[in-house]
Each structure stands twice: as structure tokens, then as C-alpha cells.
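Spelled out, the chains give:
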Amino acid sequence: MLLVVVVLAVLLLGGAGAYWMLGRDEESPTAGTTAATAPADDPTEAAPSDPAETTPTAPAPASSTDPRFVKAGQCVANEGGGGQPKLVIADCAPKTYEVLRRVDGATSGKKDAEAKCGKVDGYTDWYFFDSELDTLDFVLCLKRR
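## A few points about the overall build of the protein chain
- Within the protein chain one finds two helices and six strands.
- Moving toward the C terminus, one meets the helices and strands of the protein chain in the order α-β-β-β-β-α-β-β.
- Within the protein chain, the proportion of its 145 residues that are buried is 32%.
- Sequence separation of 24 or more characterises 51% of the internal contacts of the protein chain that already satisfy a separation of 6 or more.
- Of the roughly 9,100 Å² that the protein chain leaves accessible, carbon and sulfur atoms contribute 59%.

This is the structure in C-alpha cells:
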């Protein structure tokens, strides 16, 4: 009887561990380690993700569309939907957002992003990425085109 209980416990724990490992998305900020947000009426909010597959030691490709690599003067587009928008670097065109200013460094969320972008002339929207590692945080001050 004890052997049956031990075998069932091992199978249950192994199955739960496999489910947890296969069911999580390490690139997604919804995993509880990062957050990205913007005003409720702002469709530019997005969860950063890197579509390019790279090794941990390889630098990100120059053609990446991940908003983590966007610079002031470039544009981003919202490819998300259903309340979960997704920003990607795009050519500047109508219905895109021009990055007026990028502020790297620790951010504490919505109020901090609003304060940082409030000093930028012409901004219409903002986006922030808040990670547990503050050196990865950034705020984008955006202007709808």
C-alpha cells in the first residue's frame, strides 16, 4: 500500500511539474515577473516579446521588432487585440505611434510614466515596461500618427 502511495505521489508531482514547465511562457510579462501598461483608452499597451530565436549569448538581431529595442524617432504599431495589445517596431505610417522619447531606467508604473512623458511636447500616449530587474525598465512617450 505504501508503495502505491509513493508511486502515485511521484506521478502526480512529476505531472504537475511538467504542466508548469510546458504551460508557462518565459517571454511573456504575464508570468508575474514583468508588467507593461498604458492608459485604459490607449491601444498601444503591449507585452514585450522577442519573436527571433537567439541563444543566450547571442545579441538580438538588428531586424528585431521587439519594442525593447526601439529608439526615439522610430515608430511602433499595435498588433494586439482583445484588450491585450502588442507593440512592434514598424515603419512610420498612419495608425502607428512615433517614439518621441525613450526613458531607460527604473519605472514604478503608470504615474511614473505619465510624469516622465508629461515633460515631452506633443506626446499623445505612453507605454512602460516594468521588470523585476530595474535596468531593463523603460518608458516610451508616443505620438499617434
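## With respect to the nonpolar core
- Residues V70, V76, L87, I89, Y97, V99, Y127, F129, F138, L140 and L142 constitute the largest nonpolar core, which totals 11 residues.
- Elements supplying a minimum of two residues to this core: β3 (87-90), β4 (97-104), β5 (125-131) and β6 (138-144).
- The next biggest cluster of nonpolar side chains, apart from the first, holds eight residues, and it includes V103, A113, C117 and W126.

## Some thoughts on the pairing of β4
- Looking at chain direction, strand β2 (residues 75-78) and β4 are connected through two bridges and run antiparallel. Within the sheet, the bridge partner assigned to C75 lies in β4 and is E98.
- For β4 and β6, the ladder comprises seven bridges, and the chain directions are antiparallel. Paired with R102 across the two strands is L140, which belongs to β6.

Rules used in this analysis
Residues numbered from 1 in each chain as written. Predicted model: local features only at pLDDT ≥ 70, side-chain atom pairs only at ≥ 80, totals over all residues. Heavy atoms only, no water. Helix = DSSP H or I, 4+ residues; strand = E, 2+ residues; numbered from the N terminus. Buried < 20%, exposed > 50% of the residue type's maximum accessible area, 1.4 Å probe, protein only. Contact = heavy atoms within 4.5 Å. Areas by Shrake-Rupley, 256 points an atom, 1.4 Å probe, with all protein chains shown as cover. Core = buried A, V, L, I, M, F, W, Y, C linked by side-chain atoms within 4.5 Å. Pairing = 2+ DSSP bridges.

Shape descriptors only; they carry no functional weight alone.
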